[in-house]
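Structural overview for review
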Amino acid sequence: MSTVRVRIAPSPTGFFHIGNAKTALINWLYARKMGGTFILRLEDTDTERSKDEYSDVVCGALLWLGIDWDEGPGFHGDPDMGAYGPYRQSQRTELYRREVQRLLDEGKAYKCFCTKEELDAERERATAEKRPPRYNKKCRDLTPEQVAAKGAAPFAVRFRVPEGFTEIHDLVQGVVRTENKEFDDFIIVKPNGDAIFHLANVVDDGLMKMTHVFRGDDHMTNATRHVMLFNALGYDLPRFGHLPMVLDEAGKKYSKRLHGANVLDWRDDGYLPEALVNYLVLLGWTPGDDREVFRPRELIEAFTIERLGQSAAKFDLKKLQWLNGQHIRLLSVAELRARLLPILEKQGFDLASKPDAWLTQMVGICQEKIKTLNEIVEYADFFFVEPTTYEEKAVKKQWEGADAPARMQAIRDIFAQTAEWSVETLKHAYEDLCAKTGDALGKYIHPTRLALTGKSVGPGLFELAELLGREACLARMDRAIDYIRNMKES
RNA sequence: GUCCCUAUCGUCUAGCCUGGCCUAGGACACCGCCCUUUCACGGCGGCGACACGAGUUCAAAUCUCGUUGGGGACGCCA
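Residues numbered from 1 in each chain as written. Chains lettered and ligands numbered in written order. Predicted model: local features only at pLDDT ≥ 70, side-chain atom pairs only at ≥ 80, totals over all residues. Heavy atoms only, no water.

**Some thoughts on the overall build of chain A**
Secondary structure summary: chain A contains 20 helices and 11 strands in total. A globule of 490 residues ought to have a C-alpha radius of gyration of about 23 Å, yet chain A, at 32 Å, is considerably larger. Its C-alpha atoms give chain A principal-axis dimensions of roughly 110 × 50 × 45 Å. Within chain A, counting contacts between residues at least 6 apart in sequence, those at least 24 apart form 74% of the total. Put simply, chain A shows about 24,100 Å² of open surface, and 50% of that area lies on carbon and sulfur atoms. (Helix = DSSP H or I, 4+ residues; strand = E, 2+ residues; numbered from the N terminus. Rg over C-alpha atoms; globule rule 2.2 N^0.38 Å. Contact = heavy atoms within 4.5 Å. Areas by Shrake-Rupley, 256 points an atom, 1.4 Å probe, with all protein chains shown as cover.)

The structure is reproduced here in structure tokens:
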């Protein structure tokens, strides 16, 4: 096992954002590629967000994507996994308190007695005057006597930003140098004693011995604050890598309210996790050759941080759909079957009465055609429900001609008379018929498809007919012939 | 307002570090043709981009500077 230690630190809000998934993926890929350790940490400092069912959603999303972790919090009473716990920030408050006291003792942080109202007013004034909103450092240099005089007044703790500049050698963005004076003395502990994100994040990453931190580049400026904190606390600095964000199709920040922002939306829409994973990784990483379709295992094999891109990418549904189709075709029939059957079941179709081999065969003849799992419903419903309506346009084309009844009757005769009910014999019978009449095969195939499925598109006709069985086909032909007769009369 | 990041076909990108091989390659989408019982798959072809302006150089998509566009940060949120 290498020394690489990386993590994903979601805040359990009952929602797992697509951008978070990309971040998780990159970290996970790197850990797996390097034989390192991938850690799950729950950033639930905000007690509002620490509900159990919320973290279940986050973990569920991760697990659905196939992202597993080596260290992390225990669930449902299980103990934590790993030696650097606890892995929930809500259980690490004592650690934060201890580390902040150190900063206070060393003069690297100080107590601030300004009230929220004062600060808000100051910030508003600054914005109105088009000045950068900065803390006025009112409490920065209070003497011990002045502090003592405050008595039991509530205070926040601020980090004393040092002089000079901070340089980050970002694995993705390159060297980023910032003057420390661009930052004000930011708060690290609220008056109620809770640690602020920056503090908790750094203490956790430091104490958990993270070697690399890959995260969204919306944290780029935070990174400077974090580096200053790392140094103040005396922790080893991890390498940072700030990944470009995922934008929506319009090029805006992918809003939480948009369908698809939640990773599990894609599961519900019939996408394969391995396809989503493949797509997300391609949004900001390329293998360097022309390959685009990767199984998770192949992704791990090919992944390198050197080939990470640095500009934001728009989400493209069409490409995801294409990739999903590719992954559906990559599946074995048995695997696809396992994913499709629950969907058909949920639809209320009667699968129990179908033989095992039949179900497998049905899945097999649909595999080349569908782009999402959910499409199977629309694509194969006729196997379970006899069509009672017919596609209007197809009716016009296939059944309105004067010779339609005769052709339908000829087809019915084949169905009734053919010795063996199989793809081959059916096909030969159609071919023989066409040889006799001089018609093209389509003249008979399309009207048949319409009668059997109600649609103009679907799996290969003979394959579908074989699965439907002679009896059902005959019944559907009769119903169609009736339908055509009524059509002519009215 | 201040600071940071970013910029190649409609979209994702290769090429940029180590200028010439780039009349800029691939994929999705779109269009056409082929295969074919439909759709899909597959094959072939087409459309289509170096944001702009200076500079460096014999030579710039590639290096430098500026402009513009896009994104982000500036919380007692994470």
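**Here's the deal with the protein's contact with RNA strand B**
As a matter of local geometry, RNA strand B sits amid 65 residues, with K116, T221, E292, K369 and H446 nearest to it. Taken together, the sugar and phosphate atoms account for 73% of what RNA strand B places within 4 Å of the protein. Within the contact set of RNA strand B, a phosphate oxygen lies 3.2 Å away from a side-chain nitrogen or oxygen of Q310. In the environment of RNA strand B, a base oxygen lies 3.1 Å from a nitrogen or oxygen atom belonging to the side chain of R449. Broken down by secondary-structure element, the contributors of at least two residues to the surface near RNA strand B are α4 (116–128), α6 (197–207), α7 (220–233), β11 (313–314), α11 (317–330), α18 (442–453) and α19 (461–468). Of the residues assigned to the surface near RNA strand B, the class counts are 22 nonpolar, 17 polar and 26 charged. (Near = heavy atom within 4 Å. Polar contact = N/O pair within 3.5 Å; in protein donor to acceptor, adjacent residues only side chain to side chain. Nonpolar A, V, L, I, M, F, W, Y, C, P; charged D, E, K, R; others polar.)

**So, the packing of helix α3 (residues 93–105) against α6**
Close contact between α3 and α6 brings their axes to 10 Å; oriented N to C, the two are set at 95°. Considering the angle they form, α3 stands roughly perpendicular to α6. Every residue of α6 that contacts α3 at L95, Y96, R98, E99 and V100 is listed here: L199, A200, V203, D204 and L207. Residue classes in the contact of α3 with α6 are distributed as 7 nonpolar, no polar and 3 charged. (Axes fitted to C-alpha atoms, helices over the stretch in contact; angles between N-to-C directions. Parallel < 35°, antiparallel > 145°, perpendicular 65-115°, else oblique.)

**Regarding the sheet that holds strand β4 (residues 156–159)**
Spatially, β3-β4-β7 is the arrangement adopted by the 3 strands of the open sheet, whose pairing is antiparallel. Each edge of the sheet is formed by a strand with only one pairing partner; in this case those strands are β3 (109–112) and β7 (187–189). When strand polarity is set aside, the average angle formed by the axes of neighbouring strands in this sheet is 45°. As defined by bridge partners, β4 adjoins β7 across 2 bridges and the pair is classed as antiparallel. Counterpart to R158 in the pairing with β7 is I187. (Pairing = 2+ DSSP bridges.)

**Notes on the domain arrangement of chain A**
By domain assignment, chain A separates into domain 1 (5–89 + 246–314), domain 2 (92–243) and domain 3 (333–489). The straight-line distance from the C-alpha centre of domain 1 to that of domain 3 is 43 Å. Between domain 1 and domain 3, the contact holds 7 residues from the first and 4 residues from the second. Surface buried jointly by domain 1 and domain 3 totals about 430 Å² across both partners, of which 48% is contributed by carbon and sulfur atoms. A salt bridge links E274 to R339; its shortest N-O distance comes to 2.7 Å. Taken together, domain 1 and domain 3 are joined by 4 residue pairs in polar contact (both at pLDDT 80 or more). Taken together, the residues of the side of domain 1 that touches domain 3 sort by class into 3 nonpolar, 1 polar and 3 charged. (Domains from an automatic or database assignment. Buried area = accessible area lost by both parts, 1.4 Å probe. Salt bridge = Lys/Arg side-chain N within 4 Å of Asp/Glu carboxyl O.)

**Some remarks on unusual backbone geometry**
You will see that K137, though not glycine, has its phi angle at about 60°, which is positive. Here K137 is to be found in the loop between α4 and α5 (144–149). Judged by its relative accessible area of 41%, K137 falls in the partly exposed class. Even without glycine at this site, K209 takes up a positive phi of about 60°. Given a relative accessible area of 48%, K209 falls into the partly exposed group. (Buried < 20%, exposed > 50% of the residue type's maximum accessible area, 1.4 Å probe, protein only.)

**Some details on the packing of aromatic side chains**
Tallying each qualifying case throughout the model produces 20 aromatic pairs. Between F159 and F186, the ring centres sit 5.5 Å apart and the planes meet at 40°, which makes this aromatic pair tilted. Here F186 lies in the loop between β6 (174–179) and β7 and F159 lies in strand β4, a separation of 27 residues in the sequence. Here the aromatic rings of Y279 and F315 are separated by 5.1 Å at their centres, their planes lie at 70°, and the arrangement is edge-to-face. (Phe/Tyr/Trp six-rings, centres within 6.5 Å; stacked < 30°, edge-to-face > 60°.)

**What about the packing of helix α17 (residues 423–437) against α18?**
As a packed pair, α17 and α18 sit with axes 9 Å apart at the nearest point and diverge in direction by 130°. As judged from the angle between their axes, α17 and α18 are oblique. Packed against α17, whose contacting residues are Y430, L433, C434 and T437, the element α18 presents Y444, I445 and T448 at the interface. For the contact of α17 with α18, the class distribution of residues is 5 nonpolar, 2 polar and no charged.

**Notes on the side chain of R5**
By the element assignment, R5 lies in strand β1 (residues 5–8). When its relative accessible area of 9% is taken as the criterion, R5 is described as buried. A distance of 3.5 Å separates the side chain of R5 from the backbone oxygen of K209, its partner in a polar contact. Once residues within four sequence positions are removed from consideration, R5 is found in contact with T37, I39, E71, Y84, M208, K209, M210, T211 and H212.

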